[in-house]
Amino acid sequence: MGSAIVGSILGARDMSYRVSRVIDRILRPIGRGVLKWVHLPIPEWHLKQPLADYGFVADCFEKHNLGDVEGDLLEIGVWVGFGTVKMAELAKKFDKTVHASDGFRTHFGKPETLTSVSARRYARLCAGLSQREVFDRNTAGFSNIVVHDGEHSSFELPATVTLCCSVIDGSHDYEDVQKYLAISWKHLNSGGIVILNDYQNPETPELTMAGDEFVQEYEAEIDYVDAYLPRRMLVFRKASRK
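Below or above, wherever it landed, is the structure these notes cover. (Residues numbered from 1 in each chain as written. Predicted model: local features only at pLDDT ≥ 70, side-chain atom pairs only at ≥ 80, totals over all residues. Heavy atoms only, no water.)

### Quick notes on helix 7 (residues 131-138)
- Residues Q131, V134, F135 and N138 constitute the buried set of helix 7. Along the long axis of helix 7, the arc covered by the buried residues comes to 100 degrees, so they all point the same way. (Buried < 20%, exposed > 50% of the residue type's maximum accessible area, 1.4 Å probe, protein only. Helix = DSSP H or I, 4+ residues; strand = E, 2+ residues; numbered from the N terminus. Arc of directions from axis to C-beta.)

Structure follows, in structure tokens:
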């Protein structure tokens, strides 16, 4: 199973992804221009969010029939809630909850916290608000989102929570990714999937190493693994108990 990680790439989906990205590159600048012109401090989440980002999660949800798998959804690393909203909309159809975990360290009015390119890009759009304030505005109205606000290193899920899907896009440090994977696997029901973002990204080698090692270690418990490199996603599914 481990050798299949690099070799099994879902190339058939490349065209739909590329089309989505072209549309996104056209619409996002237009949306931002309109928002700047009318002076809206908080843009609508769908105008800022790349259209293709969480479409892959929805595709996986459908492909693996996760609506029929018991358990909720987990998102580790929520940024300002774009993906959380899409996951909540998806989860609502099946009466599921989204558990959203983040340290919410960024404040768009404090330059010293804008340590990433994404944070600096959003500083003007988010008008000096904190990451958590923007997240709360973007996710307002969704009753099926449970926020776990705290450092990734200390994150734990309640023992009563089980999962059908975990989307990991938090810290990219080796030890942190190991912990995310261990927590996800512990709470994941049979038939559920883990999606690891930034897999085989040249800038995140520790994440790739942690993902590869985990799949190899738990090979006997995994019945599906694939790497979708256009989105730098590693996907693997927990096998049914025999």
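### Comments concerning helix 8 (residues 174-187)
- The first and last C-alpha atoms of helix 8 sit 20 Å apart over 14 residues, in line with the 20 Å expected at 1.5 Å per residue.
- Those residues of helix 8 lying buried are Y174, D176, V177, Y180, L181, I183, S184, W185 and H187.
- Next to the buried residues of helix 8 lie strand 1 (72-76), strand 4 (163-168), strand 5 (188-197), helix 9 (205-217), strand 6 (222-228) and strand 7 (233-238). (Expected span 1.5 Å × (residues − 1). Contact = heavy atoms within 4.5 Å.)

### A closer look at the packing of aromatic side chains
- Evaluated as defined, the whole model comprises 9 aromatic pairs.
- For the ring pair F104 and F135, a centre distance of 5.3 Å and an interplane angle of 65 degrees mean the geometry is edge-to-face. Remark: F135 occurs in helix 7 and F104 occurs in the loop between strand 2 (98-102) and helix 6 (117-125); sequence separation between them is 31 residues. For the pair F104 and F135, a shared accessibility class is recorded, and that class is buried.
- Plain terms: the ring middles of W185 and F236 are 5.7 Å apart, the flat faces sit at 45 degrees to each other, and that makes the pair tilted. Of this pair, W185 sits in helix 8 while F236 sits in strand 7; the two residues are 51 residues apart in sequence, bridging distant segments of the chain. In this structure, W185 and F236 share a single accessibility class: buried.
- Feature note: the residues W185, F214, Y218 and F236 constitute an aromatic cluster, connected by ring pairs.
- For the cation-ring pair, R132 lies above F104, with the distance from its terminal atom to the ring centre recorded as 5.2 Å. (Phe/Tyr/Trp six-rings, centres within 6.5 Å; stacked < 30°, edge-to-face > 60°. Lys NZ or Arg CZ within 6 Å of the ring centre and 35° of its normal.)

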